[in-house]
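A structural walkthrough
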Amino acid sequence: MYRNRLLAIALILVLLISLTACATEETPPLEEQKVKAKDEEIAQLQEENKKLKDRINELEKENKSLLSRSIDVIELIKEKDMKGLSEFVHPTKGLRFSPYAYVDVEKDQVFTKEEVAKLGEDTKTYTWGNYDGSGEPIDLNFNDYYDRFIYDEDFANPHIIGNNTIIGEGNTINNISEVYSEGHFIELHFTGIEQQYEGMDWRSLILVFEQYEGQWYLVGIVHNEWTI
């Protein structure tokens, strides 16, 4: 009887040892589980990092392309080569001219690519908006508008270049980001012209671009200066 009890206890112990061994083989130890979880977390972070690097490279390529086109555009503007400039004008939206930083979608003049090409010879008087301060209408032909509200300074050689960043700020609301919500702008800025004015005579010319079929096109030329 006693011998039978010992045999039963021995069998139970053997069974328990066997079950423990099976459990050890089937379930990794806690440390191994932690290591596996960490490896999975690292792999996920590496994948996210790769995606971020790819996106950064993509944005760098876009910026290089945009800055390159901006240089081409400002050189054409400097030379008043309107036919050459027209090749950069947005095919469907055309080109809007804004005399101040507040883009007035109701009053600002907008020209198609074909119209831009002929602006240099256009003697017609247009109303481009209203003068700051007096509120009088800006009634000028294109060449006079160009001298006053486009290339009134040598913007091909600015003091500062802003890449989608507003530099010149005055009393006029700058709504470029709202009007051109899908666009990207390059600001060519002079911090001041004459020392006696202590920077109050700053000037900016802002080139606004939007993409169309994978290419950047000019949709806006915005002049900016100190306003009352």
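This section reports on the structure supplied with the text. (Residues numbered from 1 in each chain as written. Predicted model: local features only at pLDDT ≥ 70, side-chain atom pairs only at ≥ 80, totals over all residues. Heavy atoms only, no water.)

1. Some remarks on the layout of surface pockets
Note the threshold: Within this scheme a cavity is a closed region of a 1 Å grid, computed over the protein atoms alone, that accommodates a 1.4 Å probe without allowing it to escape, whereas a pocket is open but has protein on both sides within 12 Å along at least five of seven lines; lining residues each have an atom within 4 Å of a point. Grid points are joined across faces, edges and corners, and a volume is the space filled by probe spheres set on the points. When residue character is reported, Ala, Val, Leu, Ile, Met, Phe, Trp, Tyr, Cys and Pro are called nonpolar, Asp, Glu, Lys and Arg charged, and the others, Gly included, polar.
The space that makes up the largest pocket amounts to roughly 210 Å³. Around the largest pocket, the lining comprises 14 residues; the ones closest to its centre are P99, Y100, Y102, D104 and N130. For the lining of the largest pocket, a count of residues per class yields five nonpolar, five polar and four charged.

2. A short note on the sheet that holds strand β7 (residues 203-212)
Backbone hydrogen bonds hold the strands of a sheet together, and the pairing may be parallel or antiparallel. We count it as follows: For two strands to count as paired, DSSP must find a minimum of two bridges between them. A run of H or I in DSSP becomes a helix once it reaches four residues, and a run of E becomes a strand once it reaches two; helices and strands are each numbered from the N terminus. Under this scheme, a helix contributes an axis fitted over its contacting stretch, all axes are lines through C-alpha atoms, and angles between N-to-C directions fall in the 0 to 180 degree range.
Strand order in the open sheet formed by six strands is β2-β1-β8-β7-β6-β5, and the pairing between neighbours is mixed. In the strand order of this sheet, the two ends are held by β2 (109-111) and β5 (160-163), each with one partner. Pairs of neighbouring strands in the sheet enclose a mean axial angle of 20 degrees, with direction left out of account. Bridge analysis of β7 against strand β8 (residues 215-225) gives 10 bridges, and the strand direction is antiparallel. Following the sheet pairing, Q211 is matched in β8 by W216.

3. Some words on the nonpolar core
A general tendency of soluble globular proteins is for nonpolar side chains to be buried together. This is how the line gets drawn: Note on terminology: a nonpolar core comprises buried Ala, Val, Leu, Ile, Met, Phe, Trp, Tyr and Cys residues joined through side-chain atoms within 4.5 Å. Classification of residues uses two cut-offs on accessible area relative to the type maximum, computed with a 1.4 Å probe and protein chains only: under 20% is buried, over 50% is exposed, and between them is partly exposed.
In terms of nonpolar packing, the biggest core is built from 36 residues, with I77, F97 and L207 touching the most fellow members. Counting residues in each nonpolar core, the second largest holds eight residues, with V103, I176, Y180 and V219 among its members.

4. Thoughts on the packing of aromatic side chains
Aromatic rings considered in pairs are described by the distance between their centres and by the relative angle of their planes. Where we set the bar: For Phe, Tyr and Trp, where Trp contributes only its six-membered ring, two rings pair if their centres lie within 6.5 Å, and the inter-plane angle classes them as stacked under 30 degrees, edge-to-face over 60, or tilted in between. A ring is considered to have a charge above it if a Lys NZ or an Arg CZ atom is located within 6 Å of its centre and within 35 degrees of its normal.
With the rule as written, the count across this model stands at 17 aromatic pairs. Taking the centre distance of 4.1 Å and the plane angle of 15 degrees together, the rings of W128 and Y145 count as stacked. Here the residue W128 occupies a position in strand β3 (residues 126-130), and Y145 occupies one in helix α5 (residues 142-149), the gap between them amounting to 17 residues. An identical accessibility class is assigned to W128 and Y145; each is buried. Its guanidinium or amino end placed over the ring of Y217, R69 lies 5.6 Å from that ring's centre, counting from NZ or CZ. Across the ring face of F149, the terminal group of R148 is positioned such that the distance to the ring centre comes to 4.2 Å.

5. Re a nonpolar patch on the surface
This is how it is decided: Nonpolar side chains (Val, Leu, Ile, Met, Phe, Trp, Tyr) are joined into patches within 5 Å and like charges within 9 Å, using only residues with over 30% relative accessible area and no salt bridge. The protein chains shown are the only cover counted for residues, whose accessible areas, like all others here, come from Shrake-Rupley with a 1.4 Å probe. Each reported salt bridge corresponds to a side-chain nitrogen of Lys or Arg within 4 Å of a carboxyl oxygen of Asp or Glu.
A surface patch of nonpolar side chains, about 310 Å² in accessible area, is lined by Y197, M200 and W226. With respect to the helices, strands and loops of the structure, W226 is situated in the segment after β8. You can call W226 partly exposed: its relative accessible area is 35%.

6. A closer look at the pattern of salt bridges
Throughout the structure, instances matching the rule amount to six salt bridges. Salt-bridge contacts for E87 lead to K113; the nearest nitrogen and oxygen are separated by 3.7 Å. Here the residue E87 occupies a position in the loop between α3 (82-86) and β1 (95-98), and K113 occupies one in helix α4 (residues 113-117), the gap between them amounting to 26 residues. By relative accessible area, which is 49% here, E87 ends up partly exposed. Under the relative-accessibility criterion, K113 is labelled partly exposed at 29%. Here R148 ties to E225 by a salt bridge, and the two come within 3.0 Å at their closest N and O atoms. Separated by 77 residues along the polypeptide, R148 in helix α5 and E225 in strand β8 bring together distant segments of the chain.

7. With respect to the side chain of D201
Condition: Charged-residue counts in this description rest on Lys and Arg as positive and Asp and Glu as negative, His and the chain ends being excluded. Under this definition, polar contacts are N or O atom pairs within 3.5 Å; protein pairs additionally need one hydrogen-donor-capable and one acceptor-capable atom, and for neighbouring residues in sequence, both atoms have to be side-chain atoms. In this analysis, two residues are considered to be in contact whenever any of their non-hydrogen atoms come within 4.5 Å of each other.
As for its position among the elements, D201 is in the loop between β6 (184-190) and β7. Despite its burial, D201 pairs with no opposite charge; the closest candidate is R203, at 6.0 Å N-O. Within the structure, the side chain of D201 is placed 3.1 Å from the backbone nitrogen of I193, a separation counted as a polar contact. With near-sequence residues (within four places) excluded, D201 lies in contact with G192, I193 and E194.

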